[in-house]
Amino acid sequence: KAMEIGSGDEEVVLTAARMAFQKGLSLRSAGATEAETNAELEKAKSLYEGLLSEKNENRSPDAHGGLGDSMLALGDFDGAIGTWRKGLKQFDPPTIQIAFLARIADSYLNADRAAEADDSLKAIDKLVSTLGGSVPREQRLGLIQSQDLRRASWHMKRNEVRQAISILQEVVAREGS
């Protein structure tokens, strides 16, 4: 209904896309049929694609992220990675770059393709180290924490248990301080 009223408003379309995506994931979790689940995910994908179309000048990093997420949920791994890589080329802010790189690294890790996650992990490490005071302290600490957990997962996928444990001990120590 909101789409009928505000189909030209980017925020309305983003919200509708997010809702369709979440509904698709919820349906999947609840054991709905693949057709029901995919219908919602396809709706989300289509809305995100509309936001990223040639005629739309206000291309949002959220639309790139959501489109990739939708593609991944629909089983299009390579399409998702490609969409996030396009986002990397279009948006310069380090926190947005980190968000795309994290999606790429997480996807490779979840697909048991740890070797392919390495470049993204290194790029995130580099970006996080340059943030300094450009982002609020809590946000920076959250990015560091997420990256450390991602790194620990990467080590576990490579059967480097000691390195993973060491990183996880740092994460726990940081949480306690």
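Use the structure listed above.
Bear in mind the structure is a predicted one, so any value in this text is a computation, not a measurement.

Each value, and the rule that gives it
- Residues numbered from 1 in each chain as written.
- Predicted model: local features only at pLDDT ≥ 70, side-chain atom pairs only at ≥ 80, totals over all residues.
- Heavy atoms only, no water.
- Core = buried A, V, L, I, M, F, W, Y, C linked by side-chain atoms within 4.5 Å.
- Buried < 20%, exposed > 50% of the residue type's maximum accessible area, 1.4 Å probe, protein only.
- Helix = DSSP H or I, 4+ residues; strand = E, 2+ residues; numbered from the N terminus.
- Contact = heavy atoms within 4.5 Å.
- Salt bridge = Lys/Arg side-chain N within 4 Å of Asp/Glu carboxyl O.

Now for the nonpolar core. Grouped together as the largest cluster of nonpolar side chains are 41 residues, with contacts concentrated most on Tyr 48, Ile 98 and Ala 117. Put simply, the parts of the chain that give this core at least two residues each are α2 (10-29), α3 (34-51), α4 (61-73), α5 (77-90), α6 (94-110), α7 (114-131) and α8 (137-157). Sorting elements by how many residues they give to this core places α6 first, with eight residues. Filtering out sequence-adjacent residues up to four positions away, Ile 98 remains in contact with Ile 124, Leu 127, Val 128, Leu 131 and Leu 143.

Before going further, it helps to spend a moment on the environment of Thr 95. With respect to the helices and strands, the residue Thr 95 is situated in helix α6. Classification of Thr 95 as partly exposed rests on a relative accessible area of 25%. Through-space distance from the C-alpha of Thr 95 to that of Leu 127 is 8.2 Å; in sequence the pair is 32 residues apart. Ignoring any residue separated from it by four or fewer positions in sequence, one finds Thr 95 in contact with Leu 131, Val 135, Gln 139 and Leu 143.

Moving on: the pattern of salt bridges. In total, this model carries 14 salt bridges according to the counting rule given. Note that Glu 40 and Lys 43 form a salt bridge whose closest N and O atoms lie 3.6 Å from each other. Of this pair, Glu 40 and Lys 43 are both found in helix α3, three residues apart, which corresponds to roughly one turn of the helix. The buried category is assigned to Glu 40, whose relative accessible area is 12%. Given the relative accessible area of 42%, Lys 43 is considered partly exposed. The closest approach of N and O atoms between Glu 138 and Arg 137, which form a salt bridge, is 3.6 Å. For the pair formed by Glu 138 and Arg 137, the shared burial category is exposed.

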